[in-house]
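The residues making up each chain are set out below.
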Protein chains: 2
Amino acid sequence: MNFSSKLMEQAVDAFTSLPGIGKKSALRLVLHLINQETSDVEQFVESIKQLKKNIRSCKVCHNLSDHDICGICSDIHRNKDEICVVETIRDVMAIENTGQYRGVYHILGGVIRPIEGIGPDQLSIDSLIQRIQKNSPKEVVMAISPTIEGETTTFYISKQLKEFDIKISTIARGVSFGGELQYADELTLGRSIIARTPYHISK
Amino acid sequence: MNFSSKLMEQAVDAFTSLPGIGKKSALRLVLHLINQETSDVEQFVESIKQLKKNIRSCKVCHNLSDHDICGICSDIHRNKDEICVVETIRDVMAIENTGQYRGVYHILGGVIRPIEGIGPDQLSIDSLIQRIQKNSPKEVVMAISPTIEGETTTFYISKQLKEFDIKISTIARGVSFGGELQYADELTLGRSIIARTPYHISK
């Protein structure tokens, strides 16, 4: 691309460094910012600066937070007896969006991937065990993706938790609601037949 | 979306205000920035601030520039006798990328669109006329999109320039190179037959 302005080129390069933004999108964003009010651009820039400066990891669950303890962990209405173990903060957001869970979380920061050099020590598994030792919750809900690495991680953590008097559960796996059976993948369908659950008729 | 952090929510909102970026993309960008080095984020922010603070419109051609006169207008190797009239700076970049033009530009800032309240006075047509009066170039190349509004604008400007002793040309319109004739639209194909040009065989 031929830029008439060095400043514009630098700004386009800055945006291009972000994931999923190519040269053309970056140019569109830069031209948009040039046309905005200075105060709006300053607000945009300030929100990024503040984010980077002040965001931290919750000392209890490792969720991203404005304070040392995140909003979920410090909420007195949340059930501290249930800890839901997830990979990333995106999973926390996804589960929170369902509105179906009122316990607290523990964010691992990923799953065990030996090929990428991510072993149990790279994940916050130790802090989960310490947390269980300290607070003795009643249940740990494993909400980790049902991939090979995810299943391995679920298995590894469950084994570590065996010594504690604690209920371990995993989120239900099976065919998706609203999906047609003929389009479900074989593995999911096969396992959901094996793991069939009693059907309750409401009288 | 359920955010555990106000700072994150603000940053996501800031990105969402940009064109073509939805909530999910914004979240991805924000999570990416959180994981970047502080110095990299500062550089990102700084490049946007500097852009907004220092970018200006070239006093001659209205191109975006770091200085009062843009790089193209101040380049002694560019032919000042040819002025290419375009809608936006994107068009300048597109033409520059072809490497086929060595004259200078004049950026209108759009085309005449009465419905949107954009008349000739909202475009930099007066400054084009002043420029021609002052520098008496030899040729004005109209490189405006061949849409209804674009054609109207080309016609309007050409009429304004009638009083000057100046050659007015438009970029060639016709079927695209590399395109198959059967897929060309009727209007383009029809006009390209009417405006057929002599074929030169190199001996």
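Here is what the cut-offs are and how they apply
In this convention, every chain numbers its residues from 1, walking through the sequence in written order. Throughout, the order in which chains and ligands are written sets their labels, letters from A for the former and numbers from 1 for the latter. Local features are withheld for residues below a pLDDT of 70 in this predicted model, meaning they are given only at 70 or higher, and side-chain atom pairs are given and counted only at 80 or more; totals for whole chains, interfaces and linings count all residues. Helix and strand assignments come from DSSP, with helices taken as H or I runs of at least 4 residues and strands as E runs of at least 2, each series counted from the N terminus. Each residue is classified by how many other C-beta atoms fall within 10 Å of its C-beta atom, where C-beta atoms are placed from the backbone; a count of 20 or more means buried, 12 or fewer means exposed, and values in between mean partly exposed. Whether two strands pair depends on DSSP finding at least two bridges between them. To obtain each axis, a line is fitted to C-alpha atoms, and for helices this fit is confined to the stretch in contact; angles are then taken between N-to-C directions over 0 to 180 degrees. We call two residues in contact when the distance between their C-beta atoms, placed using the backbone, is within 7 Å. Think of it as three bins: nonpolar holds Ala, Val, Leu, Ile, Met, Phe, Trp, Tyr, Cys and Pro, charged holds Asp, Glu, Lys and Arg, and polar takes everything else, Gly as well. Working definition: roughly parallel below 35 degrees, roughly antiparallel above 145 degrees, roughly perpendicular at 65 to 115 degrees, and oblique for all remaining angles. Here a crossing is taken to be left-handed if its near helix is turned anticlockwise relative to the far helix by less than a right angle, and right-handed if that turn runs clockwise. For our purposes the nonpolar core covers buried Ala, Val, Leu, Ile, Met, Phe, Trp, Tyr and Cys residues that link as a set through C-beta atoms within 7 Å. Least-squares superposition of the copies uses the C-alpha atoms of those residues scoring a pLDDT of at least 70 in each of them. Each domain's limits were defined by an automated method or a database of domain assignments.

1. Here we look at the overall build of chain A
Across its full length, chain A holds seven helices and six strands. Starting at the N terminus and ending at the C terminus, chain A contains elements arranged as α-α-α-β-β-β-α-β-α-β-α-β-α. Oriented by its inertia axes, the alpha-carbon framework of chain A measures out at about 70 × 45 × 45 Å. Put simply, chain A has 203 residues, and 26% of those count as buried.

2. A look at the sheet that holds strand β3 (residues 79–86) of chain B
All names here are of chain B. Read from one edge of the open sheet, four strands run β4-β3-β5-β6, paired in parallel fashion. Edge positions in the open sheet fall to β4 (103–107) and β6 (167–170), since each of these has one partner strand only. In this sheet, neighbouring strand axes are inclined to one another by 25 degrees on average, regardless of whether the strands run parallel or antiparallel. Two strands pair when backbone bridges link them, and β3 and β4 are joined in this way by five bridges, in the parallel orientation. In the strand pairing of β4, Val85 is matched with His106.

3. Details of the interface of chain B and chain A
On the side of chain A, 43 residues touch chain B, which itself brings 43 residues to the contact. Sorting the residues of the side of chain B that touches chain A by element identifies α1 (6–16), α2 (23–35), α3 (38–54), β2 (64–65) and α4 (89–98) of chain B as the ones contributing at least two each. With 11 residues, the top contributor of residues to the side of chain B that touches chain A is α3(B). Among the residues making up the side of chain B that touches chain A, the classes are represented as 22 nonpolar, 15 polar and six charged.

4. Considering the packing of helix α3 (residues 38–54) of chain A against α1(B)
The interhelical angle for the contact between α3(A) and α1(B), taken along N-to-C directions, is 150 degrees, at an axis separation of 9 Å. Judged by the inter-axis angle, α3(A) sits roughly antiparallel to α1(B). In terms of crossing hand, the pair formed by α3(A) and α1(B) is left-handed. Of the residues in α1(B), those touching α3(A) at Phe44(A), Ser47(A), Ile48(A), Gln50(A), Leu51(A) and Asn54(A) are Leu7(B), Met8(B), Gln10(B), Ala11(B) and Ala14(B). Split into classes, the residues belonging to the contact of α3(A) with α1(B) amount to seven nonpolar, four polar and no charged.

5. Here's the deal with the nonpolar core
With 86 residues, the main nonpolar core has Val85(A) and Val85(B) as its most contacted residues. Once you skip the residues sitting within four places of it in the chain, Val85(A) turns out to touch His106(A), Leu108(A), Leu128(A), Val140(A), Val141(A), Met142(A), Ala143(A), Ile144(A) and Ile157(A).

6. Quick notes on the relation of the copies chain B and chain A
Between chain B and chain A, the superposition needs a rotation of 180 degrees and an axial shift of 0.0 Å, giving an RMSD of 0.1 Å. These values place the two chain copies in the arrangement generated by a two-fold rotation axis. Closest to the rotation axis within chain B is the C-alpha of Val45(B), separated from it by 2.9 Å. A symmetric contact is evident, with 100% of the interface residues of chain B recurring at the interface of chain A.

7. So, the sheet that holds strand β3 (residues 79–86) of chain A
All names here are of chain A. The parallel open sheet is built from four strands, whose spatial order is β4-β3-β5-β6. Edge positions in the sheet fall to β4 (103–107) and β6 (167–170), since each of these pairs with one other strand and no more. Taking each pair of neighbouring strands and ignoring which way they run, the sheet shows an average axis angle of 25 degrees. With four bridges joining them, β3 and strand β5 (residues 139–142) adopt parallel strand pairing. When the sheet's bridge partners are listed, Cys84 is paired in β5 with Val141. Here helix α6 (residues 148–160) sits on the sheet and contacts β3, β5 and β6; the angle it forms with β5, its principal contact strand, is near 165 degrees.

8. Things to note about the domain arrangement of chain A
Each domain of chain A was delimited in the assignment, giving domain 1 (6–54) and domain 2 (64–170). For domain 1 of chain A versus domain 2 of chain A, the separation of C-alpha centres amounts to 35 Å.

9. Here's the deal with the environment of Asp185(A)
Residue and element names in this part refer to chain A. In this fold, Asp185 is placed in the loop between β6 and α7 (186–194). Look at Asp185 and you get exposed, because 8 C-beta atoms sit within 10 Å. Between the C-alpha atoms of Asp185 and Val175, which are 10 residues apart in sequence, the distance is 8.6 Å.

10. Observations regarding the packing of α3(A) against α3(B)
A packed helix pair is summarised by two numbers, namely the angle formed by the two axes and the spacing between the axes. Interaxial distance between α3(A) and α3(B) falls to 10 Å at its minimum, and their mutual angle equals 175 degrees. The angle between α3(A) and α3(B) falls in the class roughly antiparallel. Between α3(A) and α3(B), the residues in contact are Thr38(A), Val41(A), Val45(A), Ile48(A), Lys49(A) and Lys52(A) and Thr38(B), Val41(B), Val45(B), Ile48(B), Lys49(B) and Lys52(B), respectively. Grouping the constituent residues of the contact of α3(A) with α3(B) by class yields six nonpolar, two polar and four charged.

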